[in-house]
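Here's the letter readout for the chains.
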Amino acid sequence: GHLVPSGPPSPKKIPPWPSELCKGCRECYSKTWKKQEDNYRNFSSQLRSQCQGFDRAIITQANTPVGSNIVYSAESKRTLMVTPGIFSTFIKENPFPQKKWDTCAVVGNSGILTNSSCGEMIDSAQFVIRCNLPSLGKGYEKHVGTKTDIVTANPTILVRKYGSLNGPRRPFVESLHIYGKSLLLLPAFAFGFCTPLCLKAAYSISDIESPIRPTYFNPDYLRRLSNFWRSRGLHRGLPSTGLVMVNIALEHCANVHVYGFWPFSIHPFELNAVKNHYFDDKTGKWGMHSMPAEFNQLLQLHSQGVLRLHLGNCR
Ligand code: CDP
């Protein structure tokens, strides 16, 4: 065979950051990050006063009595009067403690988590939030961890992956075992079609007696949050699930660590391609959200020391 002369290894090329990112953004991202207590306090108290997620992000029997009128978050003309039947599926009280958690991890689903070795760091947080029924376990543990305290479920998954829950419900309920006793947060009052689907999910869980606790996003909170971000320049559509969960974390946790947020197809520090999800390559339907614009906002919060965004390898 041919012998290839082996010269010195060529220095790793640094790829440009995606053009959707703000100018000079690479400089916003510093690995030697330091929390800026004043900025954190300021931002989290603005969220608390303007969005009131602290006791309103989740619908409870205490904040949404029988007879109240729910206005849908993505269809403002649609309303629903709370009947005793629907009310009985609401969690009794605010599931969050009065005292803030010390550390929270919010885990998005970007393929940037693949080979990140972030699992241990994610699991070391006091409270772990995951989005959209992500894959966990075998092969993923090292990179995304195993612990879950809140997991969200997008109704389109219930439609696509679980046949709208029209058939046997056990496969769906059994697939939730990986999330243990966590809260399952469902957007039951975003669009009209979400309500029967999310109620079916909640009934399936209580019928089969699974430990996971179904709850619903409060559309009133989602609207406030959307206005909050609109006034900060996010004009397109509703905040993505990931951004919503980061905001909930900022009201509840002193130290917010964010993983798996990178809505771009090239890795920020390596040259390799990044999948949309760490567990599949389904491309997102981002019609309603503007992920790159959201990411710019997160990057700014990182540079202001409000939260810590993890992009590279955790080792
Ligand atoms: O629920 P949705 O379809 O919005 O998102 P997902 O793909 O299940 O991922 C959950 C969250 O992670 C998103 O809402 C985004 O905030 C974030 N994400 C990201 O930043 N970059 C990606 N490539 C994929 C997701």
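Residues numbered from 1 in each chain as written. Predicted model: local features only at pLDDT ≥ 70, side-chain atom pairs only at ≥ 80, totals over all residues. Heavy atoms only, no water.

**Some points on the nonpolar core**
If you look at the biggest cluster of nonpolar residues, it comprises 52 residues, and the most contacted ones within it are Met245, Leu250, Trp262, Phe295, Leu299 and Leu309. If one sorts the elements of this core by residue count, helix H11 (residues 241–252) sits on top with 7 residues. The contact partners of Leu250, leaving out residues within four places of it in the chain, are Tyr40, Phe43, Ser44, Leu47, Lys100, Val256, Leu301, Val306 and Leu307. (Core = buried A, V, L, I, M, F, W, Y, C linked by side-chain atoms within 4.5 Å. Buried < 20%, exposed > 50% of the residue type's maximum accessible area, 1.4 Å probe, protein only. Helix = DSSP H or I, 4+ residues; strand = E, 2+ residues; numbered from the N terminus. Contact = heavy atoms within 4.5 Å.)

**Some points on the pairing of strand S7 (residues 213–216)**
Bridging between strand S6 (residues 183–186) and S7 involves 4 bridges; their strand directions are parallel. In the strand pairing of S7, Leu185 is matched with Thr215. You can see the chain leave S6, run along helix H9 (residues 194–208) and come back into S7, and the turn it takes is right-handed. (Pairing = 2+ DSSP bridges. Right-handed = clockwise from strand over helix to strand, strands pointing away.)

**Side note on the environment of Gln300**
Tracing the chain through its elements places Gln300 in helix H12 (residues 291–303). For Gln300 and Thr114, which are 186 residues apart along the polypeptide, the C-alpha to C-alpha distance reads 24 Å.

**Concerning the packing of helix H2 (residues 37–51) against helix H10 (residues 219–230)**
Remark: H2 packs on H10, axes separated minimally by 9 Å, with the N-to-C direction vectors making an angle of 130°. As judged from the angle between their axes, H2 and H10 are oblique. By crossing handedness, the relation of H2 to H10 is classed as right-handed. Each of Phe43, Gln46, Leu47, Gln50 and Cys51 in H2 lies in contact with H10, whose residues at this interface are Tyr221, Arg224, Leu225, Phe228 and Trp229. For the contact of H2 with H10, the per-class residue count stands at 7 nonpolar, 2 polar and 1 charged. (Axes fitted to C-alpha atoms, helices over the stretch in contact; angles between N-to-C directions. Parallel < 35°, antiparallel > 145°, perpendicular 65-115°, else oblique. Left-handed = near helix turned anticlockwise from the far one by under 90°. Nonpolar A, V, L, I, M, F, W, Y, C, P; charged D, E, K, R; others polar.)

**Details of the state of the cysteines**
If you walk through the whole model with that rule in mind, you get 2 disulfides. Here Cys118 engages in a disulfide with Cys314; their sulfurs sit 1.9 Å apart. Taking the sign of the S-S torsion, about 85° here, the bridge from Cys118 to Cys314 comes out right-handed. Of this pair, Cys118 sits in the loop between strand S3 (101–107) and helix H5 (119–123) while Cys314 sits in the segment after strand S9 (308–310), and the two are 196 residues apart along the sequence. In this structure, Cys118 and Cys314 share a single accessibility class: buried. Free cysteine Cys198: the closest other cysteine sulfur is in Cys194, separated by 5.7 Å. Residue Cys198 is classed as buried on the basis of its relative accessible area of 0%. (Disulfide = S-S within 2.5 Å.)

**Examining the pattern of salt bridges**
Under the defined criterion, the tally for this structure stands at 7 salt bridges. Across the pair Asp123 and Arg130 runs a salt bridge, and its minimum N-O distance is 3.8 Å. Asp220 is paired through a salt bridge with Arg224; the nearest N and O atoms lie 3.8 Å apart. Note that Asp220 and Arg224 are positioned in helix H10 at a spacing of 4 residues, about one turn of the helix. (Salt bridge = Lys/Arg side-chain N within 4 Å of Asp/Glu carboxyl O.)

Nothing here speaks to function; it is all geometry.
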